Amino acid sequence: GGASSSGVKQQVELEKESELRIEVGNDAPLCLRLLNGNAEIFGTELAPEIWLNFPPRLKFAVFTWYGATIEMEGTTETDYTADETPMVSYVNVHAILEARRTRAKASSSGDSESSQGPRVIVVGPTDSGKSTLSRMLLSWAAKQGSKPTFVDLDIGQGSITIPGCLAATPIEMPIDPVEGITLEMPLVYFFGHTTPSNNVELYKVLVKELGGMLERQFAGNAESRASGMVINTMGWIEGVGYDLLLHAIRTLKANVVLVLGQEKLYSMLRDVLKGEPKVDVVKLQRSGGVVSRNVKVRQKARSFRIREYFYGLLNDLSPHSNIANFSDLCVYRIGGGPQAPRSALPIGAEPVADPTRVVPVNINRDLLHMVLAVSFAKEPEEIISSNVAGFIYVTDVDIQRKKITYLAPSAGDLPSKFLILGSLTWLET
Ligand code: ADP
């Protein structure tokens, strides 16, 4: 780490192909602007002279290809410049992907193979810079006029929506360096937990549902098909985590696997995917700027993400507190549930819970502080295969009056009475 700065305005000269790495202080935002030259934040170019306001705790880098002068004002936890970055190798990958997109766009044959743009999946351990690389590849592609689909399978953090979800959204513009991905209408499936081990089968089923839905969308949209996908994954790469990675690669038909900073994972994937035609496995260096986050920081980031869903990044949204009768809502949980009674099983067999069974849940005080998803399903049987409209947060359960109070992004009726409960909690702070 480097020095921290406080309060004063300062200018930083960046040499070509170097970056200014910043961790904004814990309590106050940081203002920053480009004075001279060209610079970008994770693939998105900065407009000259416009002040940007970065919220506390944000960690990012301002990179320049040809040199730049940056001005900043406010408090940082750390800021330092680095001239060793893997950016050239990252942009080379982008160039290859973009060439493939151009080829796919030009293919007039209507042949599904040749009109399909690259499906890139970014894998590696936690804190290897997967989300950041995904973001750069998306922003660079959008800048060149492509509309790649961002698929986020990282249920631990969630860069498209709240944690606990698998989600996809088309990226049509370089991603905003402060606000991240602006949500139009993302395609979201609710897993409900922040680690897949809670229900591995369900995770796989949801990857499959998401993949199927994207396939149908691509079939009717040549432009987005030719732009391909960038898929971000979880940092769990051992044991079951590794199986889930392979499952995602195959289910989403990824044909470019980018492995960040892990020789072992790289060689395992290369060997296992050798037999599969047209899958390129590429090893990339991890950036020295990636900041490691411990369990507590991760937990906090999750909590901020949920807060951001309801209140906005800069407290610019006003969620609505609603009251509903117990009888107006149907809450379900997926998996587990009351197991088959032993008496119904063959002698010696252990009862196993069906991981994808949809089980009704009684509304009681256990729902307090839980985040629930609002399903688009019209029947309970459709819950697993349906994406979700959004989320509510339970703030009160009145057993006597049989009423439930919840926070929702807006007032009015929910789009559906079918709610999904997982283990996602939030303590409003
Ligand atoms: P992963 O997705 O592999 O867990 P991230 O891409 O989320 O890792 O990176 C972890 C953290 O490091 C994020 O807060 C990110 O903004 C930050 N980060 C990544 N690259 C840099 C960099 N070059 N300079 C400063 N911070 C960075």
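Residues numbered from 1 in each chain as written. Predicted model: local features only at pLDDT ≥ 70, side-chain atom pairs only at ≥ 80, totals over all residues. Heavy atoms only, no water.

K.L.:
Could you give me a rundown of the overall build of the chain, with the residues and numbers involved?
P.N.:
When helices and strands are tallied, the chain shows seven helices and 23 strands. Viewed in the frame of its principal axes, the chain has a C-alpha envelope of about 70 × 55 × 40 Å. With 429 residues in all, the chain has 49% of them scored as buried. A separation threshold of at least 6 residues defines the contact pool for the chain, and within that pool the share at least 24 residues apart is 73%. (Helix = DSSP H or I, 4+ residues; strand = E, 2+ residues; numbered from the N terminus. Buried < 20%, exposed > 50% of the residue type's maximum accessible area, 1.4 Å probe, protein only. Contact = heavy atoms within 4.5 Å.)

K.L.:
Kindly report on the pairing of strand β2 (residues 18–24), identifying the contributing residues and their values.
P.N.:
Within β2, six of the seven residues are buried, which leaves the element mostly enclosed by the surrounding structure. With six bridges joining them, β2 and strand β7 (residues 59–64) adopt antiparallel strand pairing. Within β7, the residue paired with S18 across the bridge is T64. Across six bridges, the pairing between β2 and strand β9 (residues 76–82) is antiparallel. From the neighbouring strand, L20 faces β9, where its bridge partner is T81. (Pairing = 2+ DSSP bridges.)

K.L.:
Run through helix α2 (residues 130–143), naming residues and quoting values.
P.N.:
The end-to-end C-alpha separation of α2 is 20 Å, in line with the 20 Å expected for 14 residues at 1.5 Å each. Burial within α2 is extensive, with ten of its 14 residues counted as buried. Listed as buried for α2 are K130, L133, S134, M136, L137, L138, S139, W140, A141 and A142. Positive phi shows up at G145, right after α2, with a value of about 95 degrees. (Expected span 1.5 Å × (residues − 1).)

K.L.:
Outline the sheet that holds strand β11 (residues 149–152), listing residues and values.
P.N.:
The seven strands lie next to each other as β13-β12-β11-β14-β10-β15-β16, forming an open sheet whose pairing is mixed. Sheet topology places β13 (187–190) and β16 (280–284) at the edges, where each strand pairs with a single neighbour. If you compare each strand with its neighbour and ignore which way they point, the axes differ by 15 degrees on average. Packing against the sheet, helix α6 (residues 263–273) makes contact with β10 (119–123), β15 (256–260) and β16, and its axis sits at approximately 170 degrees to β16. (Axes fitted to C-alpha atoms, helices over the stretch in contact; angles between N-to-C directions.)

K.L.:
With reference to specific residues and values, describe the site of the ligand.
P.N.:
Taken together, 18 residues are adjacent to the ligand, and E19, K59, S131, T132 and R293 come closest. A distance of 3.0 Å separates an oxygen atom of the ligand from a polar atom in the backbone of S128. Considered on its own, the ligand offers 560 Å² of accessible surface; in the complex 90% of this is hidden by protein. Contributing elements (two or more residues each) for the shell around the ligand: β2, β7 and α2. A breakdown of the residues in the shell around the ligand according to their chemical character gives six nonpolar, six polar and six charged. (Near = heavy atom within 4 Å. Polar contact = N/O pair within 3.5 Å; in protein donor to acceptor, adjacent residues only side chain to side chain. Areas by Shrake-Rupley, 256 points an atom, 1.4 Å probe, with all protein chains shown as cover. Nonpolar A, V, L, I, M, F, W, Y, C, P; charged D, E, K, R; others polar.)

K.L.:
Can you break down the environment of R298 residue by residue, with the values?
P.N.:
Mapped onto the elements of the fold, R298 is located in helix α7 (residues 295–311). Look at R298 and you get buried, because its relative accessible area is 16%. Taking C-alpha positions, R298 is 8.2 Å from G156, a pair spaced 142 residues apart along the chain. Beyond its immediate stretch of four places on either side in the chain, R298 contacts T126, D127, Q157 and R293.

K.L.:
Just give me the short version of the pattern of salt bridges, but keep the residues and values in it.
P.N.:
Taken as a whole, this structure holds 18 salt bridges when the rule is applied. One salt bridge in this structure joins E71 and R33, with 2.9 Å as the shortest N-O distance. In this pair, E71 is assigned in strand β8 (residues 68–74) and R33 in strand β3 (residues 30–37), connecting sequence segments 38 residues apart. A relative accessible area of 8% means that E71 is categorised as buried. We note a salt bridge from E308 to R305, for which the minimum N-O separation is 3.1 Å. (Salt bridge = Lys/Arg side-chain N within 4 Å of Asp/Glu carboxyl O.)

K.L.:
Give me the side chain of T64: which residues, what numbers.
P.N.:
The topology assignment puts T64 in strand β7. In terms of polar contacts, T64 uses its side chain to reach the backbone amide nitrogen of G67, at 2.8 Å. Contact partners of T64, with chain neighbours within four places excluded, come to L14, E15, K16, E17, S18, N38 and A39.

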